[in-house]
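Chain and residue survey
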Amino acid sequence: MLLLYIANSALLLFNVIYYREFTDFMTFNVIFGYSSVSNGLSTSSMALLQPSDIIMVIDIIAVLFLLLFKFIKLDSRPIPRKSAIAVTSFSLFFLFLNITLAEISRPQLLTRTFDRTYLVKYLGLDTFTVYDGLKTAKTNQTRSDAESSDLNDIISFVKKHYAAPNSSMYGIAKGRNVIVIHLESFEQFLINFKLNGKEVTPFLNSLYNSNDTYSFSNFFNQVGQGKTSDAENLLETSTYGLSQGSLFSTLGSDNTFEAAPAILKQTSGYTSAVFHGNSGSFWNRDNTYKNMGYQYFFDSSYYNTNSNNLTEYGLKDKLLFHDSVKYLERLQQPFYAKFITVSNHFPFELDKQNTTFKAANTGDSSVDNYFVTAHYLDQAVKEFFEYLKKSGLYDNSIIVIYGDHYGISDSRNLKLASLLGKSASTWNSYDDAQMQRVPFMIHIPGTTTGGVQTQYGGEIDVLPTLLHLLGINTSKYIQFGTDLFSKQHDQVVAFRSGDFVTPKYTVINNTIYQNSTGDVITHPSAKIKKYVSKAHKKVSTELSLSDSLNNKNLLRFYVPTGFTPVNSSNYNYKNEFGQITKIQNLLGNNSTSLWSQNGNKSTIDDYTSDAPELKTTDKSSTNSTDSSNSSSSSSSNN
C-alpha cells in the first residue's frame, strides 16, 4: 500500500509539472515516451517546480522518516476479508456515482473524450489514468495486428472512385494564400435568411451571392461525436471521423496523416498556421496538428484571455481576427491559415455590449439567441475581409468559408420550424437530415465565373477540391472525397451514422424519402431499390474503410511518391512569435511576409473593428506582440 501511495503521489507531481509546461495531462503514450516529452520542454523540470509542490510529497517524506527511525512500524497483519470487501464496495459505489454525475454534467464524456482536462476534472487523475491506459491498450492492440496488406482494399476503393479535376478549374488559384474560416455551428438556412425583415448575416450573404465566390447550396456536414474536430479532420485529410468518439482525441497523438498542411508545404512551399482562442489541448489539437504538419498553432495562450474578452468557449470572434493580425502578417507567403471561431456556439450567449441584433421569440433561448451570435460572427468576418483588402492580402488569397456542423439540434428543430415556414406537427427525420446543410464557399478575388453551385457534396470533398484549384494533383493520395467541380464527382453524401443523401433521395434508418416532396416512398420501384442499394453499399464500404485506415494507422505503410511522412517532433508550439520573426529576419530581403512587404511595418492599423473590448480589456492587444503564451484559457465542447 505504501508503494502504491508513493506511486500515486509521483503521478500527481509529474502531472503538475507537465501541465505547467504543456497545459495538458500525461497519457500513457507520454509516460512511455518520456524522452520525446523532455525534448519538448523549454525549461528543465526542476525549473518548473514551485515551493508549494512540497505539499504533495511532504507526507511521504514524513512517513519514511518515521519508519526509518522506528517511530512507527509497518503492520504486517492482513486486512480482514469483510473490511476489504466493504472498502472495495464503498469505493466502487462512489466511483460509479462520480461517473454518473460526470455524464449528467457532460454527456458522452467518456465516449467523445473531447478534452483530457474535463476528464480529470470530473473523474479525477487516477480514474483518468486507468481509463487512458485501457484505451491505449485497445488502440495499440488494433494497430499491432495491422499489416500493410490491409491497405489493398482501401487503395482499390480510392482509385476506383477518384474524380479527375475539371480542366477549366484546375490551378485557377495556384500560388495564392489559402485562408480558411471555420464558422462554428453555422447552418446553411442562415444564408439569405431574414428575421423580422432583417438579414441575419448580410455580409456572408453578399459573399454567397457574388460572382467571385463558388457557393454550394447542397453541402452537408458529415461529423460524428467528434463534432468540430471531425469537421477539421474531414477537411484536412478527406477521411471520416470515427464511429465513436473523436479521432483527434483518440488517435491524433500518434496517427499518421497525409493532411493539407504537409501536402501544401511539400508541393508548393506553403507556411501553415491555425488561430484559435481556446485551449490548445481541447480536442487534443496541440498533438494532432503536429502530426498533420501544422507549423504553427496560436491557441488561447497567445491572446489576451481577460474574462471580458471571452465567451464560454474561448476568445470572442472579433478579437480573434483582430488579435491574430500581429502573427498572420509575419507568416511567409504563400500561407495556409485557418481561423476557428467560437462565439456562435451553443447555448449561443453573447454579452449585451456586443449584441446588435434582436433575438427571435420561439420560447427556446438557445434557438432565439442563435440569430444574435450568428449576426455577431457575420460582423467579425466582415471586419476581417476589410482588413484583408486594405492590407493587400486579399487579391493574392483564396478564402474558404465553411460551417462545421449543425447549430440547432434535432430536438430543438421543432421550435425552429415555424421560423422556416414549416409545421412542428409534420416535422420528421427527413427535415432533420436537410438541416445538416452547412455553408461552403470558395471566394477567389478576381474571378467572375462563380455563383451558386447545386451539386451535392460534403466536408469529405473539400481537400481534393481545394488542392485541384491550387494546381496540385491528388491522384497519389488516399482521399475518400472527390473534387466538387469534377464531372466524375460522386454526389452520394454519407453521414457518419450510415444514413445518406443524394440529389434525388434521402435515406434515414432505411426509410427512403423523395427529395422533391419530402414524402416517404412506401413502395419503391425496382429501379429505386437498385439505386438506393448501390448507394448504401458505397456508403457503408467507405465508412468501414476509413475506420480501418485510421484505427489501424495504415498510412504509416503508405508513402506517396514525393511525399515525406510528417515528423511531429519538428514542431514546437512555444514562443511562435519568436520563431516566425526569426525566420523573417534570417530571410532579410527575401522574406515574403506581409510585414516585410509593408516596409517592415505592422499592418494592425489597417484593421478597423467596433469590438468594445479593444477600448478596455483588450486595448493592449492592438500593439502587443507578446509571445510568452503563458496564460491559460477556457475550454469548450465545440
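So, here is what we can say about the structure in this document. This structure is a prediction, so every number in the text was calculated from the model and none was measured.

Before going further, it helps to examine helix α22 (residues 576-587). An ideal rise of 1.5 Å per residue puts 16 Å on 12 residues; α22 measures up with 17 Å between its terminal C-alpha atoms. For α22, the complete set of buried residues consists of Glu576, Phe577, Ile580, Thr581 and Gln584. For α22, the arc enclosing every buried residue in end-on projection is 130 degrees, short of the 170-degree limit, so these residues lie on one face. Turned more than 90 degrees away from the buried face of α22, the exposed residues are Lys582, Asn585 and Leu586. The first or second residue beyond α22 is Gly588, which carries a positive phi of 60 degrees.

Take a nonpolar patch on the surface next. Together, Phe65, Leu66, Leu68, Phe69, Phe71 and Ile72 give the surface a local cluster of nonpolar side chains, amounting to about 620 Å² of exposed area. With respect to the helices and strands, the residue Phe71 is situated in the loop between α5 (58-68) and α6 (81-105).

This part covers the packing of helix α12 (residues 227-237) against helix α15 (residues 285-292). Helix-helix packing: each pair is described by the crossing angle between the helix axes and the interaxial distance. Between α12 and α15, the shortest axis-to-axis distance is 12 Å and the interhelical angle comes to 5 degrees. When the axis of α12 is compared with that of α15, the two are roughly parallel. Where α12 approaches α15, its residues Thr228, Glu232, Asn233, Glu236 and Thr237 are matched on the opposing element by Arg285, Tyr289 and Met292. Taken together, the residues of the contact of α12 with α15 sort by class into 2 nonpolar, 3 polar and 3 charged.

Moving on, we come to the sheet that holds strand β7 (residues 296-298). Sheet architecture is open: 8 strands sit in the order β7-β6-β10-β1-β11-β12-β4-β13, paired in mixed fashion. Every other strand in the sheet has two partners, leaving β7 and β13 (451-453) as the edge strands with one partner each. The average undirected angle you get between the axes of adjacent strands in this sheet is 15 degrees. Note that strand β11 (residues 397-403) and strand β12 (residues 440-443) share 4 bridges and pair antiparallel. Note that in β12 the partner of Val400 across the bridge is Ile442.

Cut-offs used in this document
- Sequence order sets the numbering: in each chain, residues are counted from 1 along the sequence as written.
- Reporting of local features is limited, given that this is a predicted model, to residues whose pLDDT is at least 70; pairs of side-chain atoms are given and counted only at 80 or more, and all residues count toward the totals for whole chains, interfaces and linings.
- Derived side-chain values reflect all non-hydrogen atoms in the structure, with water molecules and hydrogen atoms excluded from consideration.
- Numbering goes from the N terminus for both helices and strands, where a helix is a DSSP run of H or I of at least four residues and a strand is a run of E of at least two.
- Each residue after the first adds 1.5 Å to the expected span of a helix.
- Residue exposure (1.4 Å probe, protein chains only): buried if accessible area is under 20% of the type maximum, exposed if over 50%, otherwise partly exposed.
- For this quantity, the arc is that covered by the directions from the helix axis to the C-beta atoms.
- Patches draw on residues past 30% relative accessible area with no salt bridge. Two like charges within 9 Å are joined, as are two nonpolar side chains (Val, Leu, Ile, Met, Phe, Trp, Tyr) within 5 Å.
- All accessibility values rest on the Shrake-Rupley procedure with a 1.4 Å probe; residue burial counts only the protein chains present in the view.
- Throughout this description, the term salt bridge denotes a Lys or Arg side-chain nitrogen within 4 Å of a carboxyl oxygen of Asp or Glu.
- Note on geometry: axes are C-alpha line fits, over the in-contact stretch for helices, and angles between N-to-C directions span 0 to 180 degrees.
- Roughly parallel refers to an angle under 35 degrees, roughly antiparallel to one over 145, roughly perpendicular to one between 65 and 115, and oblique to any angle outside these ranges.
- By the convention used here, residues are in contact when the closest approach between their heavy atoms is within 4.5 Å.
- Three categories are distinguished: nonpolar for Ala, Val, Leu, Ile, Met, Phe, Trp, Tyr, Cys and Pro, charged for Asp, Glu, Lys and Arg, and polar for the others, with Gly belonging to the last.
- Pairing between two strands is assigned when DSSP locates at least 2 bridges connecting them.

Take it as geometry only, folks, not as evidence of what the structure does.
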